[in-house]
Amino acid sequence: MTEQSALLLRKQLAELNKNPVEGFSAGLIDDDDIYKWEVVIIGPQDTLFEGGFFKAYLTFPYDYPLRPPKMKFITEIWHPNVAKNGDVCISILHEPGEDKFGYEKPEERWLPIHTVETIMISVISMLADPNSDSPANVDAAKEWREDPNGEFKRKVARCVRKESRDGF
């Protein structure tokens, strides 16, 4: 599977380079390792994240696309679906099959038809519309639910300012 997954990832990278998708850019961390990507997400317009540039790593398993990659923000981001250590918690990146907690339907979880593009579009959508029912960051979820224009907004604005000022 390793050879097939590497070929598929090279094809997806070439396609993204040839036809960039609005809202993010993607490339390899190391040109010799097709399984480790760096992505930069541009904070979606008309959201609290607008104006920010958020760097993350996508780490693909050798049996991709049968299993999902892991995604971790490297730049600071305050969001209910991003753990404090940067790990992204979104249905599309959860292992395929039944959810043992019964929260997600199998079709909401990882499917081998997903690509880097569909992952990134889902993450950009997640930034615009957090899911506080299944949080990775309980504190951010509580702030989002109780007062999205108060402390939550202040913390997000701090991250946006920091990332736009400091760059990557």
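Numbering of residues starts from 1 in each chain and follows the order in which that chain's sequence is written. Side-chain atom pairs in this predicted model are given and counted only at pLDDT of 80 or more, local residue features only at pLDDT of at least 70, and totals for whole chains, interfaces and linings cover all residues. Note: side-chain values were computed over all heavy atoms of the structure, leaving out hydrogens and water.

## A short note on unusual backbone geometry
Put simply, the test is: Numbering goes from the N terminus for both helices and strands, where a helix is a DSSP run of H or I of at least four residues and a strand is a run of E of at least two.
For the peptide bond that leads from Y64 to P65, omega is 10°, which places it in the cis range. Summarising the element assignment, P65 is placed in the loop between β3 (53-59) and β4 (70-73). Despite not being glycine, D46 has its phi angle at roughly 60°, a positive value. Relative to the helices and strands, D46 resides in the loop between β2 (36-42) and β3.

## Regarding the sheet that holds β2
For clarity, the threshold we go by: Strand pairing requires that DSSP identify at least two bridges connecting the strands. For helices, the fitted line uses only the C-alpha atoms of the stretch in contact; every axis is such a line through C-alpha atoms, and the angle between N-to-C directions lies from 0 to 180 degrees. The criterion used for residue contact is that any of the two residues' heavy atoms lie within 4.5 Å.
Ordered in space as β1-β2-β3-β4, the four strands form an open sheet in which the pairing is antiparallel. Strand pairing shows two members of the sheet lacking a second neighbour, β1 (24-28) and β4, which therefore form its edges. Within this sheet the neighbouring strands show an average axis-to-axis angle of 25°, counted without direction. When β2 meets β3, the two strands line up antiparallel, connected through seven bridges. By the bridge assignment, V39 is partnered in β3 with A56. The sheet strands contacting helix α1 (residues 2-18) are β1 and β2, and the helix crosses β1 at an angle near 135°.

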